[in-house]
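# Observations on the three-dimensional arrangement
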Amino acid sequence: MNAIPRLAQAIGDGKDFAKPAAEIHDAQHGKVHLQDVSKVFADGTVAVDRVNLEVEPGEFFTLLGPSGCGKTTLLRIIAGFEDLNGGAIFISGRSMLGVPPHARNVNTVFQSYALFPQLNVAENIAFGLRMRGVKTVERRRRCQDMMVSMQIDVFAKRMPHQLSGGQRQRVALARALINEPEVVLLDEPLSALDAKLRQELQVELLRMQKRLGMTFIFVTHDQHEALVMSDRIAVMDKGLVRQMGRVDDVYERPRDVFVAEFLGLSNIFRVQSKQGADVSTSLGMLRLSHTPETLQHVMVRPEKVLLSSLEEKGRGINDFHGLVREVLYMGATSQYGLEIDGYPLVATISNTQNGRTRYRVGERLRVHIEPASIVGMGG
Amino acid sequence: MNFSRSLRTYLALHSWPVFLFLYAPLAIIVLFSFNRSPVSVQFTGFSTAWYTSLFHNQDILAALGRSLELGIGSASLGTVLGTLLGYGVYRYRAAGLAWLGLLVYLPIIMPSIVFGISEMIFFTYVHQFTGFLSAGLLTMGVAHVTFQIPYVALVVYSRLVGLDRHLFDAAQDLYANPWKIFFHLVLPVTRPAVVAGFLLAFTLSFDDFVISFFTSGPDSMTLPLYIYGAVAKKGVSPEINAVASLMIGMVLVAAITNLLVSRSKEQAQRPSRPWLRSH
Ligand SMILES: Nc1ncnc2c1ncn2[C@@H]1O[C@H](COP(=O)(O)OP(=O)(O)O)[C@@H](O)[C@H]1O
Ligand SMILES: [Mg+2]
């Protein structure tokens with residue numbers, strides 16, 4: 001226990017900020033390892049299907065997927081609320097089979113917040129310490145420190161029903177963090193908040209996680225949230241992990257159509273035939289810089305599509321003539337709906353880059369895609 | 001709009017006979033408890049003599065004492081057991097134990113005369129074979145607890161069902177073992193229901209005639225049994241009217257207190273304006 005940095009200290013003066021938490025912890029502390037984990041509910045629903053995950057200590061790890069794909073169930077398995085139908089779980093290197101939730105050093109921020117209605121804010125936050133038998137004086141002090149650092153100390157005596165959504169969210173987070181758990185599990189903690197507050201809290205949550213160096217496993221169905229916050233993500237679908245990796249890798253190199261479409265906008269074309277690095281698609285011949293073995297689709301992100309006027313010289317390969325069908329002005333960027341030989345292509349262009357970047361509906365222009373920007377994918 | 005207004009007028013006019021049927025007998029009882037004449041058919045003048053004689057009637061006071069003893073005793077035990085049952089049914093509602101819920105309902109829908117007779121037969125058997133449980137306050141208490149449990153269990157269960165079920169996960173997540181969950185979450189959040197269950201159980205017992213009639217012994221005459229006996233022997237006397245009036249008064253005071261307390265609580269719980277910190 002002494003190896004864990006004291007929360008108050010970590011928050012207090014930021015001295016620990018420069019020191020990565022992993023150095024303070026022993027190597028396994030806060031590591032979560034799932035091995036072939038499956039969960040089948042009594043009604044036959046396969047909610048989690050042979051999932052393998054390794055979450056590193058101090059990492060911000062996100063489970064991303066559409067509603068009903070098994071994110072919550074996976075989180076509940078880690079917390080200990082659901083038993084497994086197969087596989088094994090290790091937290092900080094210890095097997096969690098048969099360990100009930102109250103004996104796991106893991107805390108959850110529930111989607112509904114689940115604040116205790118009969119307790120005020122301070123009592124809610126101190127609940128975990130009280131259950132563990134922490135002495136009253138220390139409990140008060142740690143609770144006060146926590147509330148100050150979360151800017152909720154003025155609400156200490158309020159009841160949960162007297163708080164706004166954002167305040168409840170903070171209390172729920174404080175109630176989990178104060179216990180200095182090995183892992184913090186967060187189930188769509190921001191989804192009930194309005195957009196502006198959500199953005200503020202995203203940044204705040206991320207800073208807090210980095211400062212404390214705790215392992216966070218974060219569940220969301222919001223791809224923007226996942227992109228902003230995560231070190232690594234696992235994209236889930238129907239109980240399966242479709243792809244796992246650093247968030248930028250998954251975005252740049254999605255493995256399949258599902259991942260490409262779920263994470264960001266994409267142009268996807270079916271591969272009709274393949275000759276070396278050249279593939280034939282509905283768009284025409286495309287040159288790729290890298291072709292994987294199973295190649296069924298090629299994908300290009302809209303921001304990787306380069307537009308120029310027809311007068312400019314073409315580059316020989318991956319060059320097309322396009323027609324602007326639709327322009328969506330989005331402030332910093334504009335999104336162009338193009339048509340190439342009758343096939344649609346979406347391009348996103350920054351409105352601040354040098355040169356001519358604005359095109360009108362009905363205008364003809366030159367479209368270029370770098371071979372390195374094209375991703376070959378399986379199904 | 002028009003329809004609802006005419007409906008309201010209709011209800012306002014036509015609910016009066018119902019209220020009349022409901023409250024006129026009660027009003028008459030209260031009125032005649034102050035009657036000077038001992039004959040309960042004509043009012044001859046105002047008097048509080050019957051209340052005075054009531055408080056000197058040792059039989060009535062003893063019966064009242066027994067009723068209170070039985071009511072408080074059985075309601076206490078019935079509340080503890082009913083609360084545990086309500087929590088148990090809630091906790092294991094998903095584990096294929098829905099039939100337990102039916103078992104809980106059964107004593108409520110069973111006619112009390114059947115219930116009373118079967119309890120009586122049961123106690124007679126037990127007494128014959130073991131020598132324990134001779135008819136008296138104890139057997140009445142056991143019978144009362146038996147029919148109180150389902151009522152308390154239902155009140156507590158409906159309170160639990162109305163809560164966010166993740167509260168129980170949250171408590172467990174915050175290191176509470178099953179015992180701590182019960183004492184630090186279940187009891188505090190169900191306290192209003194437990195109190196209401198106790199009051200309900202007490203009222204059921206205090207007011208019960210049928211089941212008490214079959215399970216009582218020679219020395220366990222409670223107030224309802226006494227009133228029945230007195231009426232059967234001598235007809236309705238003004239003294240009985242006075243007892244009844246006192247009971248009506250007690251119930252009214254309890255109901256009004258309950259209403260005021262719950263209303264002020266509701267007001268306290270109404271969320272004040274969400275108050276955001278400005279950064
Ligand atoms: N207790 C349960 N009993 C039966 N099916 C369940 C239960 N909980 C979740 N499911 C099902 O399991 C699947 C995954 O649910 P969940 O993990 O809540 O998804 P998510 O959090 O990604 O929206 C869904 O099909 C859901 O209906
Ligand atoms: Mg969910």
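The rules behind the values
- Counting restarts for each chain, with residues numbered from 1 along the sequence as it is written.
- Note on labels: chains are lettered from A, ligands numbered from 1, in written order.
- The model is predicted, so local features are restricted to residues of pLDDT at least 70 and side-chain atom pairs to those at 80 or more, both for listing and for counting; the totals for chains, interfaces and linings are taken over all residues.
- The basis for every side-chain value is the complete set of non-hydrogen atoms in the structure, without hydrogens or water.
- What makes two strands pair is DSSP finding at least two bridges between them.
- In DSSP terms, a helix is any run of H or I states spanning at least four residues, a strand is any run of E spanning at least two, and both are numbered starting from the N terminus.
- Each axis is a line fitted through C-alpha atoms, taken for helices only over the stretch in contact, and angles between the N-to-C directions span 0 to 180 degrees.
- Note on definitions: a residue-residue contact is assigned when non-hydrogen atoms from the two residues lie within 4.5 Å.
- Residues belong to a common nonpolar core when they are buried Ala, Val, Leu, Ile, Met, Phe, Trp, Tyr or Cys residues joined through side-chain atoms within 4.5 Å.
- Partly exposed describes any residue whose relative accessible area lies between the buried limit of under 20% and the exposed limit of over 50%, with all areas from a 1.4 Å probe on protein chains only and scaled to the type maximum.
- For the purposes of this description, domain bounds are those given by an automatic or database domain assignment.
- Any carboxyl oxygen of Asp or Glu within 4 Å of a side-chain nitrogen of Lys or Arg constitutes a salt bridge here.
- Summary of the distance rule: residues count as near a molecule or strand when at least one heavy atom falls within 4 Å of that molecule or strand.
- Any pair of N or O atoms that falls within 3.5 Å is considered a polar contact. Within protein, one atom must be able to donate a hydrogen and the other to accept it, and sequence-neighbouring residues count only if both atoms are side-chain atoms.
- Each accessible area value is a Shrake-Rupley result obtained with a 1.4 Å probe; residue values ignore everything except the protein chains displayed when judging cover.

## Looking at the sheet that holds strand E7 (residues 183-187) of chain A
Residues and elements named next belong to chain A. Ordered in space as E6-E7-E8-E3-E9-E10, the six strands form an open sheet in which the pairing is mixed. Unpaired on one side and paired on the other, strand E6 (106-109) and strand E10 (240-246) mark the two borders of the sheet. On average, each strand axis in the sheet is tilted by 15 degrees relative to the strand beside it, whichever way the strands run. Where E7 and strand E8 (residues 215-220) come together, five bridges link them in parallel fashion. Each residue of the ladder has a partner; that of Asp187, found in E8, is Val219. Most of the contacts of helix H3 (residues 71-79) go to E7, to which it runs at about 155 degrees, and overall it touches strand E3 (60-64), E6, E7, E8 and strand E9 (232-237).

## Overview of the nonpolar core
Counting residues in hydrophobic clusters, the biggest one holds 68 residues, and the most contacted among them are A:Leu34, A:Leu63, A:Leu74, A:Phe116, A:Ile217 and B:Phe168. Sorting elements by how many residues they give to this core places helix H8 (residues 178-207) of chain B first, with 10 residues. Those residues in contact with A:Phe116 that sit more than four places away from it in its chain are A:Asn124, A:Phe127, A:Pro160, A:Arg175, B:Leu167, B:Ala170, B:Ala171, B:Leu174 and B:Leu185. Residues A:Val134, A:Leu173, A:Ala174 and A:Leu206 belong to the second largest nonpolar core, which totals 39 residues.

## Details of the domain arrangement of chain A
When cut into domains, chain A gives domain 1 (3-105 + 181-252) and domain 2 (265-377). Centre-to-centre separation of domain 1 of chain A and domain 2 of chain A, based on C-alpha positions: 36 Å.

## Section: the pairing of strand E13 (residues 278-281) of chain A
Each regular strand displays side chains that alternate between the two surfaces of the sheet. Residue and element names in this part refer to chain A. By the bridge criterion, three bridges tie strand E12 (residues 273-275) to E13 in an arrangement that is antiparallel. Following the sheet pairing, Ser273 is matched in E13 by Ser280. Two strands pair when backbone bridges link them, and E13 and strand E14 (residues 284-287) are joined in this way by four bridges, in the antiparallel orientation. Following the sheet pairing, Thr281 is matched in E14 by Gly284. Linking two consecutive strands that pair antiparallel, namely E13 and E14, is a turn of two residues.

## Examining the pattern of salt bridges
Per the counting criterion, the structure on display carries 24 salt bridges over all chains. In this structure, A:Glu59 engages A:Arg232 in a salt bridge whose closest nitrogen and oxygen atoms are separated by 2.5 Å. Separated by 173 residues along the polypeptide, A:Glu59 in the loop between strand E2 (46-55) and E3 and A:Arg232 in strand E9 bring together distant segments of the chain. A:Arg232 shares its class with A:Glu59; the two are buried. A:Asp248 is paired through a salt bridge with A:Arg246; the nearest N and O atoms lie 2.7 Å apart. With a relative accessible area of 35%, A:Asp248 lands in the partly exposed category. Given a relative accessible area of 48%, A:Arg246 falls into the partly exposed group. Among the charged side chains, a salt-bridge network with shared partners connects A:Lys39, A:Arg76, A:Glu82 and B:Asp169.

## Some thoughts on the site of ligand 1
Residue and element names in this part refer to chain A. Residues in close proximity to ligand 1 include Phe41, Asp43, Thr45, Ala47, Pro66, Ser67, Gly68, Cys69, Gly70, Lys71, Thr72 and Thr73, which together make up its full environment. One nitrogen or oxygen atom from the main chain of Gly70 is found 3.1 Å from an oxygen atom belonging to ligand 1. One nitrogen or oxygen atom from the main chain of Lys71 is found 2.9 Å from an oxygen atom belonging to ligand 1. Contact with the protein chains removes 61% of the 560 Å² of surface that ligand 1 exposes when unbound. The element best represented in the shell around ligand 1 is H3, accounting for three residues.

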